[in-house]
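Spelled out from the first residue to the last, the chains are:
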Amino acid sequence: LPKEFEEARPIMQTIEAAGFEAYFVGGSVRDTLLHKEIHDVDIATSAYPEEVKALFHKTVDTGIEHGTVMILDHGIGYETTTFRTESTYQDYRRPDSVTFVRSLKEDLKRRDFTINALAMRENGEIIDLFAGLDDLNNGIIKAVGNPEERFNEDALRMMRAVRFASQLNFKIEVETEKAITNHAELLEKIAVERIQVEFIKMLLGQEPAVGLVSFVETGLFQYCPDFKDAQSALESMIKIADLRLPNEATAWGLICHLLNFSSPQTSQFLKNWKTSNQMIESVLKTTKALNAILENRVDNWMLYQTGRTELINAINLAQQLFAATDEAGLLTQYDNLQIKSKKELALTGKDLMTAGVKPGPQMGQILAEVERKVVENELTNSNDVLTEYVRNRK
Ligand code: ATP
Ligand code: MG
């Protein structure tokens, strides 16, 4: 067993010694069986939250109303959730209430896909009540129970299906995929922030095109922000051979490029998808640099405004779009810039005053002029050269 499980065994044993059941559940079990790396392990137990808390010295109520208590042990936190059912769903999203139960089967039954409904005992034994192992071995994403009902209960699961298809390079089972097609419009009931999380995980997965094909074919895309007319852009994306997206800004950058968006359109689109302002900045830099590369008009000033991170994003995209791109040349040109930011300019406002410039808007103008000339190598970034330049200008 991976060390994450080994380290958690004493916790499981403590719970079981008190007469309760405890299992590893969720993504960590699935990913271990797929020989993938795992991040954190989740535990499901028949013990009620108060019973869990009574067994351990240090616990945190991370989601006690849903039955989740974090057990702190040798510096690691273990999310431990009481077996529960999610009874009545009326608004196509979160359950109205959760009911704690003592039965593992009830808990596994409420989970989204069979591959996510496996449980593992502390000793590594797998409990497979919904044929999840077969689906795992055959690379299939299949709803637990009746897919129509499951997507009616919680429409986010439809996005999770395409996300896992991409992350695992799995196929969505026929009835499950049909149910997504039938219920796609329910996605409108889900908060954009939550859709975005799954959408980005899909794009950053190992086979984004696999997830995207289902995302388009089921019609899910139509119920995402600003995607009504995006079908052909998404299809172009699917056609990119060996599409791999290393980070979020690159993923958004590609989409906005394929949608032919201007900078203002890109900003508005990302706002509608509820991304952070920092992400919007990063995507704008990426797409501007991408256009410059594709149109063969890269210069020092553009590189300087872009910055290294977004330059790498843009180079990556240019390559995926099959544009001949001199990656090393561009990075060297960037690295050879005399300054990478205004802070590195060897001239300050104080220097300007000493040189006789009066405080006011003129100061900023001169600094901006000097900054640009240094970036374009018309001036050397040394205090002597720059103060000399300021004294002699006009
Ligand atoms: P990841 O590796 O991305 O964390 P995960 O499978 O662990 O994948 P989580 O969102 O962390 O996904 O959820 C943990 C588990 O909770 C899932 O494996 C699944 O069993 C269950 N689950 C999560 N979201 C839902 C949902 N919307 N409907 C039903 N079950 C869900
Ligand atoms: Mg998880």
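Cut-offs applied
Residues numbered from 1 in each chain as written. Chains lettered and ligands numbered in written order. Predicted model: local features only at pLDDT ≥ 70, side-chain atom pairs only at ≥ 80, totals over all residues. Heavy atoms only, no water. Domains from an automatic or database assignment. Contact = heavy atoms within 4.5 Å. Buried area = accessible area lost by both parts, 1.4 Å probe. Salt bridge = Lys/Arg side-chain N within 4 Å of Asp/Glu carboxyl O. Polar contact = N/O pair within 3.5 Å; in protein donor to acceptor, adjacent residues only side chain to side chain. Near = heavy atom within 4 Å. Areas by Shrake-Rupley, 256 points an atom, 1.4 Å probe, with all protein chains shown as cover. Helix = DSSP H or I, 4+ residues; strand = E, 2+ residues; numbered from the N terminus. Nonpolar A, V, L, I, M, F, W, Y, C, P; charged D, E, K, R; others polar. Phe/Tyr/Trp six-rings, centres within 6.5 Å; stacked < 30°, edge-to-face > 60°. Lys NZ or Arg CZ within 6 Å of the ring centre and 35° of its normal. Core = buried A, V, L, I, M, F, W, Y, C linked by side-chain atoms within 4.5 Å. Buried < 20%, exposed > 50% of the residue type's maximum accessible area, 1.4 Å probe, protein only.

Caption draft 1: A look at the domain arrangement of the protein. Assigned domains within the protein: domain 1 (1-138), domain 2 (140-241), domain 3 (245-337) and domain 4 (345-392). Relative placement of domain 2 and domain 3: their C-alpha centres are 26 Å apart. Contacts between domain 2 and domain 3 engage 18 residues on the former and 19 residues on the latter. With both sides pooled, the region where domain 2 packs onto domain 3 buries about 1700 Å², and carbon together with sulfur makes up 77% of that total. Taken together, the links from domain 2 to domain 3 amount to zero salt bridges. Inspection of the region where domain 2 meets domain 3 yields four residue pairs in polar contact (both at pLDDT 80 or more).

Caption draft 2: View of the site of ligand 1. In the neighbourhood of ligand 1, 14 residues make up the surrounding shell, with Arg30, Asn116, Asp154, Arg157 and Arg163 lying closest. Measuring from an oxygen atom of ligand 1, one finds a side-chain N or O atom of Arg111 at 3.0 Å. The backbone of Asn116 places a nitrogen or oxygen atom 2.9 Å from an oxygen atom of ligand 1. Coverage of ligand 1 by the protein amounts to 76% of the 590 Å² it exposes when considered alone. Elements with a minimum of two residues in the shell around ligand 1: helix H2 (27-33) and helix H7 (156-168). Looking at which element gives the most residues to the shell around ligand 1, the answer is H7, with four residues. When grouped by side-chain class, the residues that make up the shell around ligand 1 number one nonpolar, four polar and nine charged. In this structure, the shell around ligand 1 is formed jointly by two domains, domain 1 (1-138) and domain 2 (140-241), each of which donates at least three residues.

Caption draft 3: Examining the packing of aromatic side chains more closely. The tally for this structure, following the rule as stated, stands at 16 aromatic pairs. Pairwise contacts between aromatic rings join Phe199, Phe215, Phe227, Trp252, Phe261, Phe269 and Trp273 into one cluster. Note that Arg163 overlies the ring of Phe164, its terminal NZ or CZ placed 4.1 Å from the centroid. Here Lys340 stacks its cationic end above the ring of Tyr334, 5.7 Å away from the centre of that ring.

Caption draft 4: The nonpolar core, seen in detail. Of all hydrophobic cores here, the largest spans 106 residues; its most connected members are Phe199, Leu203, Phe215, Phe227 and Trp252. Among residues more than four places away in sequence, those in contact with Trp252 are Gln196, Phe199, Ile200, Phe269, Leu270, Trp273, Thr275, Met279 and Val283. Judged by nonpolar contacts, the second largest core, of 12 residues, contains Val25, Phe83, Leu108 and Phe130.

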